[in-house]
Amino acid sequence: MNGAESLVRTLVKGGVDVCFTNPGTSEMHFVAALDRVEGMRCVLGLFEGVVTGAADGYYRMKGTPASTLLHLGPGLANGIANLHNAKKAASGIVNIVGQHATYHIDYNAPLTSDIEGLARPMSAWVRTSPDAKSVARDGAAAIAAAKSSPAQIATLILPADTAWNEADGIAEVPEHSQRPTYSPQAVEAAARVLRSGEPTLLLLSGNALTEHGLALAQRIAGKTGAKVMAQTYNARMARGQGRYWIERIPYVVDAALPILKPFRHIVLVEAMDPVAFFAYPDKPSLLKPEGCEAHRVTEVGENSVAALEALAGALGAKASDAAQQKLVEIAKPTGALTLDNIAQAIAMAIPENGIVIDESITTGRGFFPPTAAAAPHDWLQNLGGSIGFSPPVAVGAAVACPDRKVLCMVGDGSAMYTLQALWTQARENLDVTTVVFANRKYQILRGEFDGVGAGKPGQRAEDMLTLDRPDLDWVALAKGMGVPARNVSTADELNAALAAGLSSGGPNLIAVQM
Ligand SMILES: Cc1ncc(C[n+]2csc(CCOP(=O)(O)OP(=O)(O)O)c2C)c(N)n1
Ligand SMILES: [Mg+2]
């Protein structure tokens, strides 16, 4: 058994049995080992941002890491933006990055680069295997690192000779040493705040946004009168009929400030102390009002459901205390494609137990209220702000959950970063419906232009914010990668396209011409 095979066998034995890949010469022995080892599902991505984003989506839905295979420094570098998003979402990933053979590195051949240097900012764990006999043990350590609480990105760099030389065998992944927990003192302190009767916001993220976590928050809200909200962007949130539905803190600072103004306390369950996405002249970075105190119950990766359970217990909040709430009614929209009509069409179309990946940028700002009444689903967002997130994440979510339908909503600007994901969706016949909001611009940046006080855009600036001349032909782009597609320009066409696409069982794309 060579080093590459010892690694693939160690991965499979350690429960890492999916590999999103984009290989090169230095990874050929790893690729050859994939052939010899049973049990590893290999999925090719035609750009490394697809590979790393897919691993992120996989972790979010499966709760266990996938591996990636990347080609030296440049391959890793192409995948860094979506590793950044994955890191912010606390997704666990095992990256395997090829490297030149140890004796070849000093010759500075064309693809030589500082791979560890490129890996470090996005990886909590980085190691270059020194020889073939270390590869299995290093692989097991990488898996253990990726599976820690909170989960992490681990990057194992594999010099080509460590892959082709003789190894000793496979390695066991060390057992998890630490179970995620929470601080009873922090729960006590939060209970005191919530009993005080002072205006309090219970701000949730992470595991608190599971169906059970939300139900506990609903009891606490009913018992104490606290308001419950979610962080602006979240890795995964249980939503739809039967789930307690909460709003998120708006992205736009001027919209967030008045919402937070009334609160004297913010109780944080995995959520960040609310901070503006960007700084703007004469606007605050921290969004809570002066005099408002933040109280942390759990950090990312701690057991927020258990903490909420304890908090509800301390407050005597029972199921019968659950705050009552009304759902926003939805009906099949008709007529023109207004933002409201699009939101309604999406809400009507979300399939039972669907997975919604939201990179809808400006088009989706009003999607939350109507989709609260949709069929039960999970809603995934980008915590890292690096666009080109959703088509790859849709790949990973669909690979993780082959029995669930994925609805990927993406702005046209965002979609162009990682559109190659469509080809992987076609090749793997993934049940992904992609809805592209084709407004032919970077609409959000118009607001930002104004927000940062840059004045009124002139022609040159305007040209940097528009995607026309030429218009993107979404149907041709998708078809070119084997994904059937259609344009829609009325609400009725959108309803029909969503129904057809989501029942097709395979990948398809809808370009919403706005
Ligand atoms: C990697 C990366 N590059 C650039 C940006 C800056 N950026 C943020 S949003 C955006 C445009 C999004 O456009 P689109 O997806 O069409 O959504 P719309 O604003 O039109 O709703 C850009 C370029 C970013 N966030 N990440
Ligand atoms: Mg756009």
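Preceding this paragraph is the structure being described.
Because the structure is a prediction, the values reported are computed rather than measured. (Residues numbered from 1 in each chain as written. Chains lettered and ligands numbered in written order. Predicted model: local features only at pLDDT ≥ 70, side-chain atom pairs only at ≥ 80, totals over all residues. Heavy atoms only, no water.)

Visitor: How would you summarise the site of ligand 1 if you had to cite specific residues and measurements?
Guide: Taken together, 16 residues are adjacent to ligand 1, and Thr 362, Asp 412, Gly 413, Ser 414 and Ile 444 come closest. Within the backbone of Ile 387, a nitrogen or oxygen atom sits 3.2 Å from a nitrogen atom of ligand 1. A distance of 2.6 Å separates an oxygen atom of ligand 1 from a polar side-chain atom of Asp 412. Computed on the free molecule, ligand 1 has an accessible area of 590 Å², of which 79% lies beneath the protein chains in the complex. (Near = heavy atom within 4 Å. Polar contact = N/O pair within 3.5 Å; in protein donor to acceptor, adjacent residues only side chain to side chain. Areas by Shrake-Rupley, 256 points an atom, 1.4 Å probe, with all protein chains shown as cover.)

Visitor: Account for a nonpolar patch on the surface, naming residues and giving values.
Guide: A cluster of nonpolar side chains, contributed by Met 272, Val 275 and Leu 286, occupies part of the molecular surface with about 260 Å² of accessible area. With respect to the helices and strands, the residue Leu 286 is situated in the loop between strand 10 (265–269) and strand 11 (293–298). (Patch = residues over 30% accessible without salt bridge, like charges linked within 9 Å, V, L, I, M, F, W, Y side chains within 5 Å. Salt bridge = Lys/Arg side-chain N within 4 Å of Asp/Glu carboxyl O. Helix = DSSP H or I, 4+ residues; strand = E, 2+ residues; numbered from the N terminus.)

Visitor: Any chance you could break down the packing of aromatic side chains for me, citing the residues and the numbers?
Guide: Here the structure, examined in full by the defined rule, presents six aromatic pairs. On the numbers, 5.8 Å between centres and 75 degrees between planes, the contact of Tyr 233 with Phe 277 is edge-to-face. Placement of the pair is Tyr 233 in the loop between strand 8 (227–230) and strand 9 (237–239) and Phe 277 in the loop between strand 10 and strand 11, with a sequence separation of 44 residues. The exposure class of Phe 277 is partly exposed, given its relative accessible area of 37%. An aromatic cluster is present here, built from Tyr 233, Tyr 251, Phe 277 and Phe 278 joined pairwise through their rings. A cation over a ring is seen here: Arg 248 above Phe 368, with NZ or CZ 4.3 Å from the ring centre. A cation sits over an aromatic face here: Lys 283 above Tyr 280, 5.6 Å from the ring centre. (Phe/Tyr/Trp six-rings, centres within 6.5 Å; stacked < 30°, edge-to-face > 60°. Buried < 20%, exposed > 50% of the residue type's maximum accessible area, 1.4 Å probe, protein only. Lys NZ or Arg CZ within 6 Å of the ring centre and 35° of its normal.)

Visitor: Explain helix 20 (residues 491–503) to me, using residue names and the numbers behind them.
Guide: Taking 1.5 Å of rise per residue, the 13 residues of helix 20 would be expected to cover 18 Å, and the 18 Å separating its terminal C-alpha atoms lies within 8% of that figure. The complete set of buried residues in helix 20 reads Ala 491, Leu 494, Asn 495, Ala 497, Leu 498, Gly 501 and Leu 502. Against the buried residues of helix 20 lie helix 12 (339–349), strand 14 (406–411), strand 15 (432–438), strand 16 (485–488) and strand 17 (508–513). Just downstream of helix 20, Gly 505 is the residue with a positive phi angle, here 85 degrees. (Expected span 1.5 Å × (residues − 1). Contact = heavy atoms within 4.5 Å.)

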